[in-house]
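Inside the fold
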Amino acid sequence: MKRDEVVASQVQPGGGGTLGVGVLLAVVGAILTFAVRANTTVINLPIAGVILMVAGGLLIWHGSKGRRRKRIITREEGPNGVTNTVRQTIEERDID
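What this report covers is the structure whose coordinates are included nearby. (Residues numbered from 1 in each chain as written. Predicted model: local features only at pLDDT ≥ 70, side-chain atom pairs only at ≥ 80, totals over all residues. Heavy atoms only, no water.)

Our next topic: the overall build of the protein chain. In terms of helices and strands, the protein chain carries two helices and three strands. Reading the secondary structure of the protein chain in the N-to-C direction produces β-α-α-β-β. For the protein chain, buried positions account for 18% of its 96 residues. Expressed as a percentage of contacts within the protein chain between residues at least 6 apart in sequence, the contacts between residues at least 24 apart total 61%. Summed over its atoms, the accessible surface of the protein chain is roughly 7,100 Å², and 60% of this surface lies on carbon and sulfur atoms. (Helix = DSSP H or I, 4+ residues; strand = E, 2+ residues; numbered from the N terminus. Buried < 20%, exposed > 50% of the residue type's maximum accessible area, 1.4 Å probe, protein only. Contact = heavy atoms within 4.5 Å. Areas by Shrake-Rupley, 256 points an atom, 1.4 Å probe, with all protein chains shown as cover.)

Rendered as structure tokens:
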């Protein structure tokens, strides 16, 4: 008698859309820092651009670490009605 049951499955954050958002923030930050020459009294555009580039770089770095998944599987095995419970933890990581 063999029975597998997935008890828990968790996907930790990372990957997904963070790379795209990071690239977008970095590009908008670079445009504000190097291409826009408007003078405003409310906000300093080059400083805001640098902040956006740093935030975009951090998101790209975070997204490049990959996604991590953790599965806990409980398996009951045993002949003749005697069961032995085996608990197995599998951690997976996407490197791409």
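Taken together, the side chains of Val50, Val54, Leu58 and Trp61 make up a nonpolar region of the molecular surface, amounting to roughly 410 Å² of accessible area. You can see tryptophan 61 is positioned in helix H2 (residues 45-64). Tryptophan 61 sits in the exposed class, given a relative accessible area of 53%. (Patch = residues over 30% accessible without salt bridge, like charges linked within 9 Å, V, L, I, M, F, W, Y side chains within 5 Å. Salt bridge = Lys/Arg side-chain N within 4 Å of Asp/Glu carboxyl O.)

Right, let's get into the environment of isoleucine 60. Take isoleucine 60: it is sitting in helix H2. Accessibility expressed as a relative area gives 28% for isoleucine 60, which makes it partly exposed. Each C-alpha atom, one on isoleucine 60 and one on valine 21, is 8.1 Å from the other, the two residues being 39 residues apart in sequence. Leaving out residues up to four positions away in the same chain, isoleucine 60 has contacts with Leu19, Gly22 and Val23.

Below, the discussion takes up the side chain of threonine 33. Looking at the element boundaries, threonine 33 is found in helix H1 (residues 18-35). What makes threonine 33 buried here is its relative accessible area of 12%. Apart from the residues lying within four places of it in its own chain, the contact partners of threonine 33 are Pro46, Gly49, Val50 and Met53.

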